[in-house]
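The lines below spell out each chain.
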Amino acid sequence: MSILITGATGLVGKALTEELLNSGKQVNYLTTSPNKIETKENYKGFLWNPSEGEIDVRCFHGVTTIVHLAGASIAERWTEEYKSIIVDSRIKTAQLLCSTLKNIDHTVAHFVSASAIGAYPSSKTIEYSENFEVYNSGFLGDVVKVWEEAADLFKELNIKVSKIRIGVVLSKKGGALEKLIQPIKMYMGAPLGDGDQWQSWIHLKDLARVFSYVVTHELEGIYNAVAPSPVTNKEMTKEAASVLNKPLFLPKVPAFMLKLLLGDMAAIVLESQKVSSNKIEQKGFDFKFKQVDVALQDLLK
C-alpha cells in the first residue's frame, strides 16, 4: 500500500509517517520546501506550491490513499488576515489535490482528511458523537465546516472519504501539552477560566495509530480521534503538575483576562467539548493511552 501525505513534516505528520513506515507502507509526501525533499526506497518527497496551483503529479504514482494533514496552525493570534490563512491553507490544498486528480489517470481510492473536535459546540453537559450535525457557531466551527466540505469534494471522483476529528494532542514536543507545562514548571500553573471545561485529549502515538487504522482498514466517514476518558482543564492541569512534582499556587486565570490577552483565540482554551471515542473503538481500534495520568507519565517522565 502506498500513501501520499500532505503536512508530513508537521507534528502529526511525522508521527504518522513513522507509524506507516514501521508497518511496511510506502510513503510519498508533499512539501513546499526543496530542502525537505528526500528520496528513499519507501519514502519519497515531492514539491507543490498550493498558492500557485502547482504540484508534481509524480507524487500520485501508485498511491491508493491520500492523508491530508496540511494546514496552518490555529495557535497564532487570530487577526482577520491570519484567519484567512487558516482557512485557505486547508481548503486550497484540498482543492488542488482534487482538481489535479480530475485531470490525470490515478489509483487513488481513499481520501483521509484531518479535522478537529472544534466542530462541536461548546458544552459542559453534552457528550458528542460523530452523528451530531450542528457545527460550532464560532470561528473554529466555521473552519471545520469548510474543511470537511473540501474533503467531500473527492466523493465526486468516486473516492472514499474519511474525516478524523482530532482532539487536544498530547506530545513530548510541541502541541498543547508544551504550552500547558511551561507555566507549571515556572510555578505559575493554574486552571484556565473556571477550569470545568472538558478537554478531549489524545496521545500523539495513538493519534498516528488512529490514522493508520483508518487507512489500513479503509474506514469511511467521520471518526473522533480522542482518548476514551476526557478530563476537565482543572484535572489536566493538576495531573500535569503532579507528574512534574510541581505545586499549583495560583488561582484560576479568569476568562475575561484570557479574552483580553488572546482575543477570539481564547476559544481554544475556554470552549468545552466532551467527545466520545466509541465509534472508532467499535471498529476494533484499541487505545494504548486511555487515561490521562498514564499518557502524561509517558510524555513527561
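Everything below is about the structure printed above this text.
About the thresholds
Residues numbered from 1 in each chain as written. Predicted model: local features only at pLDDT ≥ 70, side-chain atom pairs only at ≥ 80, totals over all residues. Heavy atoms only, no water. Helix = DSSP H or I, 4+ residues; strand = E, 2+ residues; numbered from the N terminus. Rg over C-alpha atoms; globule rule 2.2 N^0.38 Å. Buried < 20%, exposed > 50% of the residue type's maximum accessible area, 1.4 Å probe, protein only. Areas by Shrake-Rupley, 256 points an atom, 1.4 Å probe, with all protein chains shown as cover. Lys, Arg positive; Asp, Glu negative; His and termini not counted. Charge placed at Lys NZ, Arg CZ, Asp CG, Glu CD. Axes fitted to C-alpha atoms, helices over the stretch in contact; angles between N-to-C directions. Parallel < 35°, antiparallel > 145°, perpendicular 65-115°, else oblique. Left-handed = near helix turned anticlockwise from the far one by under 90°. Contact = heavy atoms within 4.5 Å. Pairing = 2+ DSSP bridges. Right-handed = clockwise from strand over helix to strand, strands pointing away. Phe/Tyr/Trp six-rings, centres within 6.5 Å; stacked < 30°, edge-to-face > 60°. Lys NZ or Arg CZ within 6 Å of the ring centre and 35° of its normal. Salt bridge = Lys/Arg side-chain N within 4 Å of Asp/Glu carboxyl O. Polar contact = N/O pair within 3.5 Å; in protein donor to acceptor, adjacent residues only side chain to side chain.

A. Structural view of the overall build of the protein. Within the protein one finds 10 helices and 14 strands. Whereas a compact globule of 301 residues would reach a radius of gyration of roughly 19 Å, the protein reaches 19 Å, a difference of no more than 12%. Considered along the principal axes of its C-alpha atoms, the protein spans approximately 60 × 40 × 40 Å. For the protein, the residues scored as buried account for 50% of the 301 residues in total. Taken as a whole, the protein presents about 14,200 Å² of accessible surface, with 51% of it coming from carbon and sulfur. Charged side chains of the protein number 34 positive and 34 negative; the gap between the two group centres comes to 5 Å.

B. The packing of helix α4 (residues 175-185) against helix α6 (residues 233-244), seen in detail. For the pair α4 and α6, interaxial distance at closest approach is 10 Å and the crossing angle is 60°. As far as their axial angle goes, α6 and α4 are oblique. Here α4 runs over α6; the crossing is right-handed. Contact with α4, carried on its side by L180, I181, I184 and K185, involves M236, T237, A240, A241 and L244 of α6 and no other residues of that element.

C. How the structure looks around the sheet that holds strand β8 (residues 160-166). Strand order across the open sheet formed by 8 strands is β4-β3-β2-β1-β5-β6-β8-β12, with mixed pairing between neighbours. The open sheet has two edge strands with one neighbour each: β4 (54-55) and β12 (221-225). Strand direction decides the pairing type here: strand β1 (residues 2-6) and strand β2 (residues 26-31), joined by 5 bridges, are parallel. Note that in β2 the partner of S2 across the bridge is Q26. Together, β1, β2, β3 (43-49) and β5 (65-68) form the strand contacts of helix α1 (residues 11-22), whose direction differs from that of β1 by roughly 170°.

D. Just the pairing of β5, in detail. Residues of β5 alternate between two faces, with T65 and V67 on one and I66 and H68 on the opposite face, all of them buried. Looking at chain direction, β1 and β5 are connected through 4 bridges and run parallel. Looking at β5, one finds that I3 is bridged to T65. Inspection of the sheet shows β5 paired to strand β6 (residues 110-116) by 4 bridges, in the parallel sense. Bridge assignment links I66 to a residue of β6, and that residue is F111. Handedness of the β5-helix α2 (residues 80-102)-β6 crossover: right-handed.

E. Inspection of unusual backbone geometry at higher detail. A positive phi is found at Y187, a non-glycine position, where the angle reads about 60°. Residue position: Y187 is located in the loop between α4 and β10 (198-199). Phi at N245 takes a positive value of approximately 60°, unusual for a residue other than glycine. Structurally, N245 is set in the loop between α6 and α7 (255-262). When its relative accessible area of 68% is taken as the criterion, N245 is described as exposed.

F. View of the packing of aromatic side chains. Under the counting rule described, the total for this entry stands at 7 aromatic pairs. A ring pair is formed by Y120 and Y128, whose centres lie 5.0 Å apart and whose planes are at 10°; its orientation type is stacked. Each of the two residues, Y120 as well as Y128, counts as buried. Ring centres of Y213 and F285 lie 5.5 Å apart, and the angle between their planes is 75°; on these two criteria the pair is classed as edge-to-face. Pair noted here: Y213 is in helix α5 (residues 204-216) and F285 is in the loop between α9 (278-282) and α10 (292-300), with a separation of 72 residues, a long-range link. Each of the two residues, Y213 as well as F285, counts as buried. Counting every residue linked through ring pairs, the aromatic cluster contains Y120, Y128 and F132. A cation over an aromatic ring shows up here: K83 above the ring of F139, its NZ or CZ 5.2 Å from the ring centre. Here the basic side chain of K274 rests over the ring of W198, its NZ or CZ set 4.4 Å away from the ring centre.

G. Region of the structure containing the side chain of E130. Mapped onto the elements, E130 comes out in the loop between β7 (127-128) and α3 (139-152). Of the side chains with opposite charge, K279 lies nearest to the buried E130, which makes no salt bridge, at 5.4 Å. Within the structure, the side chain of E130 is placed 2.7 Å from the backbone nitrogen of N224, a separation counted as a polar contact. Excluding its chain neighbours within four sequence positions, the residues that come into contact with E130 are Y120, R165, I222, Y223, N224, S276 and K279.

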